[in-house]
Every structure is written in structure tokens, then in C-alpha cells.
Amino acid sequence: MKILILHGPNLNLLGTREPEIYGSMSLDDINKKMIGLGKELGAEVKCLQSNHEGALIDALQDARTWASGVVFNPGGYTHTSIALRDAISAIEIPVIEAHLSNVYAREEFRHASMISAVCKGKVVGFGWRSYELGLRGLIEILK
Ligand code: DQA
């Protein structure tokens, strides 16, 4: 079983970016943890980050050819991108939406997600553990 963990814009800055909201773990630390957890649970995890909407769409389309599912944090594009939603609809593998922060306890513009309706499930507010919970849930669904 192969899984893509996909991170959107500004998540490369994790660890230094607003740590009171997003925590002190770097993206590299999170990715290492998820690769290790994947191994424990029998899945090969590949991690990618991009600040560019088109590159995220390319990664989703490409995942269709090799991955069984995706854990996706689209960052700020969550709230704006119909193109990402269309890409998720187009690929026929389950996508789990994940957010470090509880977007519903923050500004109103973060309450709307363009992608939730086309995702298999969603995890918010658990910090880096949102990825862990998303990965565990996705693997269970795929089994
Ligand atoms: C985020 C929440 C988004 O609103 C924000 O734009 C991000 C990170 C999160 O993981 O909590 O970049 O997706």
C-alpha cells in the first residue's frame, strides 16, 4: 500500500511559522514521523510539499497512477481552490483533508472548505497529529 502525504503553501515553514497556532514541529519532523508510522502499519508513505496550486494538482493527478490514497493539507488553498476540488473529484482514490489548527475556531474565512465535500474524511485541530489520525484512518479504510 502506497500513500501520498501532500502539503500545500507555507507548510514548508512549519516550526517557525506562528508556532502558537501550528506547533513547533518542522515539516521534515512530521514527514519522518509519518514515514515511520506508515512502515509500522504496512504502508509506504511519500511526502510532498508545494507552494504552487498547479504543482499540487499535478501531484494529485500523478498520485492516481501509484498511490492508494492521499492525506492532504491544502493550506490556504483549502478556502479558495475549485481547481484543487476538481482534481480530487477527478482522481478515484480516497483523499483525507487534514489541518493542524482548528479552522472553525479561527477567522470566518477559514470555516469554508472548497474540498471537504469531495474528500473521504477530514481531521482538524490536532496539530501534527491531524496527519497521524488521517493516515491511520486512511489505512483502515483501504484495508
Ligand atoms: C491550515 C489552515 C489554513 O487556514 C491555513 O491557511 C494554513 C494551514 C492548517 O493546517 O491548520 O496554511 O491548513
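Note that the structure is a prediction, hence the values are computed from the model and not measured. (Residues numbered from 1 in each chain as written. Predicted model: local features only at pLDDT ≥ 70, side-chain atom pairs only at ≥ 80, totals over all residues. Heavy atoms only, no water.)

Chemist: When you look at the sheet that holds strand β5 (residues 121-124) in this model, what are you seeing that I'm missing?
Modeler: Strand-to-strand pairing in sheets goes through backbone hydrogen bonds, with the strands running parallel or antiparallel. One open sheet accounts for five strands, arranged β2-β1-β3-β4-β5; its pairing is parallel. The open sheet is flanked by β2 (44-49) and β5, the only strands paired with a single partner. With direction set aside, neighbouring strand axes in the sheet form an average angle of 20°. Summarising the sheet, strand β4 (residues 95-99) and β5 pair through four bridges and their orientation is parallel. Each residue of the ladder has a partner; that of A98, found in β5, is V123. (Pairing = 2+ DSSP bridges. Helix = DSSP H or I, 4+ residues; strand = E, 2+ residues; numbered from the N terminus. Axes fitted to C-alpha atoms, helices over the stretch in contact; angles between N-to-C directions.)

Chemist: What exactly am I supposed to notice about the site of the ligand here?
Modeler: Near the ligand the following residues occur: R17, Y22, N73, G75, G76, H79, H99, L100, S101, V103 and R110. Within the contact set of the ligand, an oxygen atom lies 3.2 Å away from a backbone nitrogen or oxygen of G76. H99 has a polar side-chain atom sitting 2.8 Å from an oxygen atom of the ligand. Bound to the protein, the ligand loses 98% of the 320 Å² it would expose on its own. When its residues are assigned to classes, the shell around the ligand shows three nonpolar, six polar and two charged. (Near = heavy atom within 4 Å. Polar contact = N/O pair within 3.5 Å; in protein donor to acceptor, adjacent residues only side chain to side chain. Areas by Shrake-Rupley, 256 points an atom, 1.4 Å probe, with all protein chains shown as cover. Nonpolar A, V, L, I, M, F, W, Y, C, P; charged D, E, K, R; others polar.)

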